[in-house]
Amino acid sequence: MLVLVAPGQGAQTPGFLTEWLELPGAADRVAGWSDAIGLDLAHYGTKADADAIRDTAVAQPLLVAAGLLSAAALGDVAPGAVAGHSVGEITAAAFAGVLDDTAALSLVRERGLAMAEAAAVTRTGMAALLGGDPEVTLAHLEKLGLTPANINGAGQIVAAGTTEQIAALEADKPEGVRKVVALKVAGAFHTHHMGPAVDALAKAAEDLAPGDPKLTYVSNRDGKAVASGGEVLERLVGQVANPVRWDLCMETFKELGVTALLEVCPGGTLAGLAKRALPGVKTLALKTPADLDAARELIAEHTA
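Only a predicted model underlies this, so the values are computations on that prediction, with no experimental measurement involved. (Residues numbered from 1 in each chain as written. Predicted model: local features only at pLDDT ≥ 70, side-chain atom pairs only at ≥ 80, totals over all residues. Heavy atoms only, no water.)

K.L.:
Even after reading the chapter, I still don't get the environment of Arg221, so can you show me in this structure?
P.N.:
Among the structural elements, Arg221 can be located in the loop between strand 7 (216–218) and strand 8 (225–226). Expressed as a C-alpha distance, the spacing of Arg221 and Val5, which sit 216 residues apart in the sequence, is 15 Å. When near neighbours in sequence (up to four residues on either side) are disregarded, Arg221 contacts Arg235, Gln239 and Arg245. (Helix = DSSP H or I, 4+ residues; strand = E, 2+ residues; numbered from the N terminus. Contact = heavy atoms within 4.5 Å.)

Put into structure tokens, the structure is as follows:
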């Protein structure tokens, strides 16, 4: 059984979309999306520097576009389940047929703008903690006033809070944690700092008509499979201010009997977590079109 997953913010790198746009029809598709949401995705995916694509309002639509484009390049795929990390949940919702591509990109455009505006109120950020005992780490974060915004499993928790709180964490990391790594994001996502973005996103969602998932859709909120399109959309709205439980998503993958995990462009992060947390599960990350043949082989081996 194959699960198709989509990465979250921070996975983007300068120029990562360049080779994908050389595929037949890709440039026209991205141009259409760009016109629909008022953002030059091709420019940001090929020519913009790291600072430009760190902007939340840019990074989020760019990541969803990359995920949709790379998945389309695979041809017809019928995974047993889909999921996405943070903004990748919108990509996964499109995979599952809850939203069409244009609706997904319109929603993520509003999400990025709303979260960027919320992030501008207070100087905030996020940092990944590698290794250590989760209980010890969580207690230490609480002491410093930080939120465990992403509980990713495989020995990784991402803390979020003010820049001062992140600096205090870097100076005083929890016992057993090997490394604290600042993330390429512009705010404390999935915390109370994003409260204003929830209201803005809820308003944007009112114009959408979600369909029920045609594939098993695994939610970040609690790792549960969600069968209602309306509930998927409701969870997408609320999730911007609540922790990502990727650890629970991976537990669900185990329960479903997943044997392979394929991460769409810009892949790497989720495949890496799966290698550590899901022993025996084959993983592959789409980074460039050169990975497509191997991905198709994986799909053929692990789908009915």
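After presenting the structure, the write-up continues.
K.L.:
I'm lost on the side chain of Thr56 in this one. Help?
P.N.:
Looking at the element boundaries, Thr56 is found in helix 4 (residues 56–73). In contact with Thr56, not counting residues within four places along its chain, are Gln9, Pro61, Gly112, Met115, Ala116, Ala186 and Phe189.

K.L.:
Looking at this structure, how should I read helix 4?
P.N.:
Given 3.6 residues per turn, any residue in an α-helix points the same way as the ones three and four places further on. With 18 residues, helix 4 ought to run about 26 Å at 1.5 Å a step, and its terminal C-alpha atoms sit 26 Å apart, in line with that. Burial analysis of helix 4 places 16 of its 18 residues in the buried class, which makes it a mostly covered element. The backbone nitrogen of Ala57 has a side-chain oxygen 3.0 Å away, supplied by the residue at the start of helix 4, namely Asp55. Directly after helix 4, the chain includes Gly75, whose backbone phi takes a positive value near 90 degrees. (Expected span 1.5 Å × (residues − 1). Buried < 20%, exposed > 50% of the residue type's maximum accessible area, 1.4 Å probe, protein only. Polar contact = N/O pair within 3.5 Å; in protein donor to acceptor, adjacent residues only side chain to side chain.)

K.L.:
Quick question: what am I supposed to make of the pairing of strand 10 (residues 282–285) here?
P.N.:
Remember that side chains alternate between the two faces of the sheet whenever the strand is regular. In this structure, strand 9 (residues 260–263) lies alongside strand 10, joined through four bridges in parallel fashion. Paired with Leu261 across the strands is Thr283, a residue of strand 10. Handedness of the crossover is the feature at issue here: the chain leaves strand 9, passes through helix 12 (residues 269–277), returns alongside strand 10, and the resulting connection is right-handed. (Pairing = 2+ DSSP bridges. Right-handed = clockwise from strand over helix to strand, strands pointing away.)

K.L.:
In this structure, what is going on with the sheet that holds strand 6 (residues 177–182)? I would like to understand it.
P.N.:
Hydrogen bonds between backbone atoms are what pair the strands of a sheet, whose relative direction is either parallel or antiparallel. One open sheet holds the four strands; their spatial order is 4-5-3-6, and the pairing between them is antiparallel. Every interior strand has two partners, whereas the edge strands, strand 4 (147–153) and strand 6, have only one. If you compare each strand with its neighbour and ignore which way they point, the axes differ by 20 degrees on average. Of the strand pairs in this sheet, strand 3 (residues 124–131) and strand 6 are connected by five bridges, and their pairing is antiparallel. Within strand 6, the residue paired with Ala127 across the bridge is Ala182. (Axes fitted to C-alpha atoms, helices over the stretch in contact; angles between N-to-C directions.)

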